[in-house]
Number of protein chains: 2
Amino acid sequence: MSLALPKALEKLIEKLERLPGVGRRTAERYAYDILRGSAGYAKEIADSISGLHESVKYCPVTFSLIEKDDEVSPLYSDSSRDKTTIAVVAQPFDVIALESTGEYKGTYHVLKGLLSPIDGIAPEDLTIKELLERIENDKVKELILATSGSVEGESTALYIQKLLEDNKKITISRLARGLPVGLDLEFADQITLSKALEGRRPMP
Amino acid sequence: MSLALPKALEKLIEKLERLPGVGRRTAERYAYDILRGSAGYAKEIADSISGLHESVKYCPVTFSLIEKDDEVSPLYSDSSRDKTTIAVVAQPFDVIALESTGEYKGTYHVLKGLLSPIDGIAPEDLTIKELLERIENDKVKELILATSGSVEGESTALYIQKLLEDNKKITISRLARGLPVGLDLEFADQITLSKALEGRRPMP
């Protein structure tokens, strides 16, 4: 692109620009920051990136990210977790978010995305087939559809609910929508407020 | 940080968090994007990062970034460039910005930062000493202080101007401040408008 930049730096900038949400300027800042840092730090980050695919794989049951040497997710093999309850999430990092509450004792199922006709993501691109098999195998009693409140999150939840319409042995729920703790009413958006009204609960 | 994440992934996220302006969530997105991409892309980006320090160095005269095999910046060794004019910039990428105008035929001097007492950046941390030597050696006639209009940019420019107060052979200028081309008056901030008024020019 420019005579004024060394080739190796230009090449790195082009690679960094492929990361999600990273434009030319941000890629330049990252590359320059790595260059100004020590060669040791650059080697550490390079090793972490090149070793990633060898060290990490998807759990064949829950599709969480796990160590290459693990057979299944430790959150699934752990005998204290209730295998008849599954929280269905879009991405592996959603598992971490739910785990951080420390209150969920069931297992997880990562869909690896959300339905999105615009982006060409159809049911067969997600792990829905595997979820249905698991519901049979583990005699699942409760399914928590923990996808986001976006159009894609809602329609994926509805799609899965429809598939299980005839299964009378399973309870299907959705995470509650409402006011985030600590948010003043005046700062909440209309849709969140409507959901909070709709889902109002009697005081104990 | 969490039981739910493979170690290699956690390590990469921690490394990526050290990049400027990158928090935990962004680092997670980058790491997951690299993981979802091919192992080939991961290797390419890793090689680019690990090879960077070996392939790139600072020009010993202008402090631009240059190829390891070059002695000085091609923008300096180029005989068609006027060595008696120097544009003083903060960072190597500023050179590219000015070069992209295609109108500047002088040379550059990269300060490698701006004065900032708060961040502990003093004159001796920048390449100011080398700039003064160059002004002598190359019999420089014009210095364009092309640092930004920030507090640090302004005070660095003032500092250099003061150092050269007694040098009557040199003309010192600053990039013009004013309305960006294409910006409507109503969208300009007050300081930019003040500068534009202050620097108003008679019509030809």
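Starting from 1, residues in each chain are numbered consecutively following that chain's sequence as written. Chain letters and ligand numbers both follow the written order, the letters beginning at A and the numbers at 1. With pLDDT at 70 or above as the cut-off, local features in this predicted model cover only qualifying residues; side-chain atom pairs require 80 or more to be listed or tallied, and sums for whole chains, interfaces and linings still use all residues.

### Quick look at the overall build of chain A
- Put simply, DSSP marks the helices as runs of H or I at least four residues long and the strands as runs of E at least two long, and each gets a number from the N terminus on. When you go through chain A residue by residue, the secondary structure sums to eight helices and six strands.
- C-alpha extents for chain A along the principal axes are approximately 65 × 50 × 35 Å.
- Exposure in this text rests on C-beta crowding, where 20 or more other C-beta atoms within 10 Å of a residue's own make it buried, 12 or fewer make it exposed, and counts in between make it partly exposed. The C-beta atoms are placed from the backbone. Out of the 204 residues in chain A, the part that is buried amounts to 29%.

### Thoughts on the sheet that holds strand β3 (residues 82–89) of chain A
All names here are of chain A.
- Pairing between strands is defined by DSSP: at least two bridges between the two strands are required. One open sheet holds the four strands; their spatial order is β4-β3-β5-β6, and the pairing between them is parallel. At either margin of the open sheet sits one strand with a lone partner, and together these are β4 (106–110) and β6 (171–174). Recorded for the sheet is a direction-independent mean angle of 25° between the axes of neighbouring strands.
- Pairing geometry for β3 and β4, over five bridges, is parallel. Considered in β4, the bridge of Ile-86 is made with Thr-107. Inter-axis angles, ranging from 0 to 180 degrees, are taken between N-to-C directions of lines fitted to C-alpha atoms, where helices are fitted over the stretch in contact.

### Quick notes on the packing of helix α1 (residues 7–16) of chain B against helix α2 (residues 24–36) of chain B
Residues and elements named next belong to chain B.
- The interhelical angle for the contact between α1 and α2, taken along N-to-C directions, is 130°, at an axis separation of 8 Å. On the basis of their axis angle, the class for α1 and α2 is oblique. The two elements α1 and α2 meet at a crossing, and its hand is right-handed. Residues Leu-9, Leu-12, Ile-13 and Leu-16 of α1 lie in contact with α2, whose contacting residues are Ala-27, Glu-28, Tyr-30, Ala-31 and Leu-35.
- Nonpolar residues are Ala, Val, Leu, Ile, Met, Phe, Trp, Tyr, Cys and Pro. Charged residues are Asp, Glu, Lys and Arg, and all others, Gly as well, are polar. Of the residues that constitute the contact of α1 with α2, the class distribution is eight nonpolar, no polar and one charged. An angle below 35 degrees is treated as roughly parallel, one above 145 as roughly antiparallel, one from 65 to 115 as roughly perpendicular, and anything else as oblique. Left-handed describes a crossing whose near helix is turned anticlockwise from the far helix by less than a right angle; the clockwise case is right-handed. Whether two residues are in contact is decided by their C-beta atoms, placed from the backbone, lying within 7 Å.

### Brief notes about the interface of chain A and chain B
- With 45 residues of chain A at the interface, the matching set in chain B holds 45 residues.
- Of all elements in the fold, only α1 (7–16), α2 (24–36), α3 (39–55), β2 (65–67), α4 (74–77) and α5 (92–99) of chain A reach the threshold of two or more residues within the side of chain A that touches chain B.
- By residue number, the principal contributor to the side of chain A that touches chain B is α3(A), which donates 13 residues.

### Focus on the sheet that holds strand β3 (residues 82–89) of chain B
Residue and element names in this part refer to chain B.
- Pairing within the open sheet is parallel, and its four strands lie in the order β4-β3-β5-β6. Looking at which strands have only one partner, the edges of the open sheet turn out to be β4 (106–110) and β6 (171–174). Taken over all neighbouring pairs, the strand axes of this sheet differ in orientation by 25° on average, direction set aside.
- In the sheet, strand β5 (residues 142–145) pairs with β6 via four bridges, with the strands oriented parallel. In the strand pairing of β6, Ile-144 is matched with Ser-173.

### Comments concerning the domain arrangement of chain A
- Under the domain assignment used here, chain A contains domain 1 (7–56) and domain 2 (62–174).
- On a C-alpha basis, the centroid separation for the pair domain 1 of chain A and domain 2 of chain A is 33 Å. For every domain, the bounds stem from an assignment made automatically or drawn from a database.

### Observations regarding the relation of the copies chain A and chain B
- The copies were overlaid with a least-squares fit restricted to C-alpha atoms from residues scoring a pLDDT of at least 70 in each copy. Between chain A and chain B, the superposition needs a rotation of 180° and an axial shift of 0.0 Å, giving an RMSD of 0.1 Å. When the rotation and shift are considered jointly, the pair of chain copies conforms to a two-fold rotation axis. Closest to the rotation axis within chain A is the C-alpha of A:Ala46, separated from it by 2.1 Å.
- A share of 100% of interface residues in chain A that are also interface residues in chain B marks the association as one of identical surfaces.

### Regarding the pairing of β3(B)
All names here are of chain B.
- What joins β3 to β4 is helix α5 (residues 92–99), and the crossover it makes is right-handed.
- As judged from the four bridges shared by β3 and β5, these two strands associate in the parallel manner. What sits directly across from Val-88, in β5, is Leu-145. By convention, a crossover is right-handed whenever its connection, traced from the first strand over the helix to the second and viewed with the strands pointing away, goes clockwise.

### Notes on unusual backbone geometry
All names here are of chain A.
- Within the chain, Lys-112 stands out as a residue other than glycine whose phi angle is a positive 65°.
- Its location among the elements puts Lys-112 in the loop between β4 and α6 (128–137).
- Here Lys-112 falls in the partly exposed class, since 18 other C-beta atoms lie within 10 Å of it.

### Description of helix α3 (residues 39–55) of chain B
Residues and elements named next belong to chain B.
- For α3, which comprises 17 residues, the first-to-last C-alpha distance of 24 Å matches the rise-based estimate of 24 Å (1.5 Å per residue) to within 8%.
- In this analysis the local bend is the angle between axes fitted, respectively, to the seven residues ending at and the seven residues starting at the residue. Taking the largest bend as the criterion, α3 deviates by roughly 25°, centred on Ile-49.
- Turning to α3, its buried residues number three or more, namely Ala-42, Ile-45, Ala-46, Ser-48, Ile-49 and Leu-52. Take the residue count of a helix, subtract one, and multiply by 1.5 Å to get its expected span.

### Notes on the packing of α3(A) against α1(B)
- Taken N-terminus to C-terminus, the directions of α3(A) and α1(B) make an angle of 150°; their axes are 9 Å apart at the nearest point. Taken together, the axes of α3(A) and α1(B) are roughly antiparallel relative to one another. Relative to α1(B), α3(A) is oriented so that their crossing is left-handed. Mapping the contact onto sequence places A:Glu44, A:Ile45, A:Ser48, A:Ile49, A:Gly51, A:Leu52 and A:Ser55 in α3(A) and B:Ala8, B:Leu9, B:Lys11, B:Leu12 and B:Lys15 in α1(B).
- Considered class by class, the residues forming the contact of α3(A) with α1(B) number six nonpolar, three polar and three charged.

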